[in-house]
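These are the residues of each chain, in order.
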Amino acid sequence: MRIGDEFQNQTKYFRDSSPAMAANEKVMPPYKEYPADHPRITLPEPMREGGKPLFTLCSKRRSVRRYQQEEVTLASLGQILWAAQGVTLNTGRHLFRTVPSAGALYPLETYVLANKVDGLAKGIYHYEVPGHRLTEVTSGDFGPALTHAALGQKMVQQASCTLIWSMIAARAKRKYSQRAYRYIYMDAGHSAQNVALAAVSLGLGSCQIAAFFDQEVNDLLGLDGQDETAIYLTAVGIPAG
Ligand SMILES: Cc1cc2nc3c(=O)[nH]c(=O)nc-3n(C[C@H](O)[C@H](O)[C@H](O)COP(=O)(O)O)c2cc1C
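Definitions and cut-offs
- Residues numbered from 1 in each chain as written.
- Predicted model: local features only at pLDDT ≥ 70, side-chain atom pairs only at ≥ 80, totals over all residues.
- Heavy atoms only, no water.
- Pairing = 2+ DSSP bridges.
- Helix = DSSP H or I, 4+ residues; strand = E, 2+ residues; numbered from the N terminus.
- Axes fitted to C-alpha atoms, helices over the stretch in contact; angles between N-to-C directions.
- Left-handed = near helix turned anticlockwise from the far one by under 90°.
- Contact = heavy atoms within 4.5 Å.
- Nonpolar A, V, L, I, M, F, W, Y, C, P; charged D, E, K, R; others polar.

Student: Would you mind showing me how to read the sheet that holds strand β6 (residues 133-139) here?
Tutor: Sheet strands associate in pairs through backbone hydrogen bonding, adopting either a parallel or an antiparallel arrangement. Overall, antiparallel pairing links the 7 strands, which are arranged β1-β6-β5-β4-β7-β9-β8 in an open sheet. Edge positions in the open sheet fall to β1 (40-42) and β8 (205-209), since each of these has one partner strand only. Each neighbouring strand pair of the sheet contributes to a mean axis angle of 30°, computed without reference to strand direction. For β1 and β6, the ladder comprises 3 bridges, and the chain directions are antiparallel.

Right, here's the structure in full:
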């Protein structure tokens, strides 16, 4: 049996053995915040209502891999990030989001490589969930490097921006042990689908990308690949033609 089959089997729940909490996992903060010396960029307030009707968006969504040269607005990027992980309810204990997450543990972090975004210098940014703002991780033109890391898929270089999700698995493993990995990938799917639908609503196109050299993407984001590792990308831009 190979590792994927083994994983699926070993993480099954059975009636006669109740799932145990993984007490030895590190307690992690519920979301990531960079030190204060990293520049912050305030995003415009997102629309919390409106947009195109849901069923229209479902009908029109298609993976788009060719984009125009024009920039997208910062408001559009903010709207997409809000759709991906924006806060919709603060109970004091949890920051509930636009997407479901097993146990409300939110093991994902969202980054964006800004390539052509009006009013935003080219660079890599982290989405700061509670403040709905961006933190600059590093500035510069990393489109070619991310394209190279994504097996040379040219849409990354053409795109206005590419969202990158990482996971901090320990957040979910404390409760779900190894089964957490199943849930984390589901969380990523929920976020990416919201992004795909939000993009259509804004007149943009997107394409999910899972084919990439993991450590090359981690190196771009400054992640160690262990405590935090990149798992999924979505290119977003103005569709060509
Ligand atoms: C998990 C996942 C990974 C994907 N990775 C890639 C990718 O690396 N490159 C790519 O061009 N498309 C990728 N796609 C897009 C699929 O090829 C696309 O969704 C599929 O062909 C169906 O077309 P549609 O999205 O237009 O309906 C991925 C989609 C998913 C859900």
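Student: Is there a simple way to explain the packing of helix α3 (residues 74-85) against helix α7 (residues 180-201) in this structure?
Tutor: To describe two helices that pack against each other, one gives the angle between their axes and the distance between the axes. Close contact between α3 and α7 brings their axes to 7 Å; oriented N to C, the two are set at 150°. Helix-helix and strand crossings are classified by hand; for α3 and α7 the assignment is right-handed. Here α3 contributes Ile-80, Ala-83, Ala-84 and Gln-85 to the contact with α7, which in turn contributes Ser-191, Asn-194, Val-195, Ala-198 and Ala-199. Of the residues belonging to the contact of α3 with α7, the class tally is 6 nonpolar, 3 polar and no charged.

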